[in-house]
Structure formats: C-alpha cells, structure tokens
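Survey of secondary and tertiary structure
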Amino acid sequence: MAPRHQAPTRRARRGVPRTRANGRAPIGAGERRELVRNRLIDSRLTPNAISLTGFALNLLAAVLVWEQLYFLGGVAFIVGSVMDTLDGRYSRMSGKGTPFGAFLDSTLDRIEEGIVLTAVAGDFALKGDRVAAAAVVVAVLSSLMVSYTRARAEALGVECKVGIATRPVRVVILAIGLIFADVSWLGGDLSLLKGLCMCSRRLA
C-alpha cells in the first residue's frame, strides 16, 4: 500500500514563505510605503495642488460655519489643515518644491485661518454677542502677529523657534471648538468656541 501523504507540520509551513497568486513573495509594510511614495513622486501631483486643495477645504469650512453647520465645518477645517501640513512634507520628499510654492503655502496658511475665524466672528455678530466677536478679531490679529514676528526674526538672522499658540496649537483649539460647538449638552450656542477663542487670545 502506498504511503499516504502527510500534511506539512507548522514548523515546515513556517519555513516556506507564502506567495501571492502571481507567484511573488508578499511585500512588507516598509516596501509598500516606499512603493506608494515612489508612485506619488512619479505622478503629476504637485505641492501647489495640495496647498490649493487645503485652501478650498478651509473656504468650505468657512461657508459651513456661516451656515451654522459647525460640526461639518470643523471636519472640513481639520482635513484642510492636514493638507496644509502635507504639502510641505511632500515638497521636501519629492523635490518638487519651488520658491513660489513656499510663498504660496505660507500665504494660504494665513488666509485659511483668517477666513474661518472671520466666519466665526460673523456668526457671533449675528447672534448679538459683541464680546465674543471682538475676541475672535483679536485672535485673528494675534495669530497674524505670531507668524509675522517669527518670519521677521528669521529675515533679520535672529533665531525664533519658540512661541505661544503657534499654528498647530491654534488649529487644535479652533477644531475642538467647531466640532463640539453644536452639542446640546454644551449649550449648542458656540459657548465652548467662545471660551476657546478667548483662551487663544490670552495665549497669543
């Protein structure tokens, strides 16, 4: 009687690498990231396109806030802010960065934050909350001064790498305020956002 074929043991199966349907060994997570990175670099995607996409999302966030759709506005603001952080990284990674691209990125960053806060100030003004509207205006001026002082110091050759309420901090504060502004157990009247704007004004 012919001997039966025995199933391979676990130890034997471990020694044989699994193959995909096409006969190739599966790629690891690092190789997969490298493959995606190379494809992005070889594509027509540019850092300026990412910057403009972030600007469009922040503009959408301002419109949603004006329409009192605070949660959706907060989501659009968060995604747009993430795009703002990706354009610089992609520029350095791909080598597609240009001086104009760096100028466009920094300029759009200021505009994006300003238009969202302007929508917030307009919403407060429509509701008759003049103190909160004024606090948002002060927050806008303070955020511009933070960026201006750092840029001016670098232009003069003075190192200025620290500060209070930098852009990432301001993005987090504003995003939290927008996301939770319309929650009923928080009052549903932008009370949290008003407090966060006053807090950012004190920090800036």
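Check the secondary structure of the chain and you find eight helices and zero strands. Secondary structure elements of the chain, listed N to C terminal, follow the sequence α-α-α-α-α-α-α-α. Burial statistics for the chain: of 204 residues in total, 33% are counted as buried. Here the contacts in the chain between residues at least 6 apart in sequence split such that 69% fall between residues at least 24 apart. Surface summary for the chain: the accessible area is close to 13,300 Å², and the carbon and sulfur share equals 63%.

To continue, consider the environment of Gly 97. Following the sequence through the fold, Gly 97 ends up in the loop between α4 (70-94) and α5 (99-126). A relative accessible area of 39% places Gly 97 in the partly exposed class. Between the C-alpha atom of Gly 97 and that of Asp 87, which follows or precedes it by 10 residues, the distance is 9.2 Å.

This part is about helix α3 (residues 47-66). Between its first and last C-alpha, α3 extends 29 Å over 20 residues, near the 28 Å set by a 1.5 Å rise per residue. When we look at burial in α3, the residues that qualify are Pro 47, Ile 50, Ser 51, Gly 54, Asn 58, Ala 61, Ala 62, Leu 64 and Val 65. All buried residues of α3 project into a common sector of 165° when viewed along the axis, lining one side. For α3, the elements touching its buried residues are α4, α5 and α7 (167-179). Backbone geometry just after α3 places Gln 68 at a positive phi near 65°.

As a further point, take α7. With 13 residues, α7 extends 18 Å from end C-alpha to end C-alpha; this agrees with the ideal 18 Å at 1.5 Å per step. Taken together, the buried positions of α7 are Arg 167, Arg 170, Val 171, Ile 173, Leu 174, Ala 175, Gly 177, Leu 178 and Ile 179.

Ranked by size, the top nonpolar core spans 22 residues in total, and within it Phe 77, Val 120, Leu 174 and Leu 178 carry the most contacts. Counting residues per element, the ones that place at least two in this core are α3, α4, α5, α6 (130-155) and α7. The element contributing the most residues to this core is α5, with six residues.

This part covers the pattern of salt bridges. If you walk through the whole model with that rule in mind, you get two salt bridges. Ionic pairing is found between Arg 170 and Glu 113, a salt bridge with its closest N-O pair at 2.6 Å. Of this pair, Arg 170 sits in helix α7 while Glu 113 sits in helix α5, placing them 57 residues apart in sequence. Overall, the relative accessible area of 8% leaves Arg 170 in the buried class. Of the charged contacts, one joins Lys 127 and Asp 123 as a salt bridge, the two residues approaching to 3.5 Å between their closest N and O atoms.

The next subject is unusual backbone geometry. For Gln 68, which is not glycine, the phi torsion reads 65° and is therefore positive. By the secondary structure assignment, Gln 68 is in the loop between α3 and α4. In this structure Gln 68 comes out as partly exposed when scored by relative accessible area, which is 40%.

Quick notes on the rules
Residues numbered from 1 in each chain as written. Predicted model: local features only at pLDDT ≥ 70, side-chain atom pairs only at ≥ 80, totals over all residues. Heavy atoms only, no water. Helix = DSSP H or I, 4+ residues; strand = E, 2+ residues; numbered from the N terminus. Buried < 20%, exposed > 50% of the residue type's maximum accessible area, 1.4 Å probe, protein only. Contact = heavy atoms within 4.5 Å. Areas by Shrake-Rupley, 256 points an atom, 1.4 Å probe, with all protein chains shown as cover. Expected span 1.5 Å × (residues − 1). Arc of directions from axis to C-beta. Core = buried A, V, L, I, M, F, W, Y, C linked by side-chain atoms within 4.5 Å. Salt bridge = Lys/Arg side-chain N within 4 Å of Asp/Glu carboxyl O.

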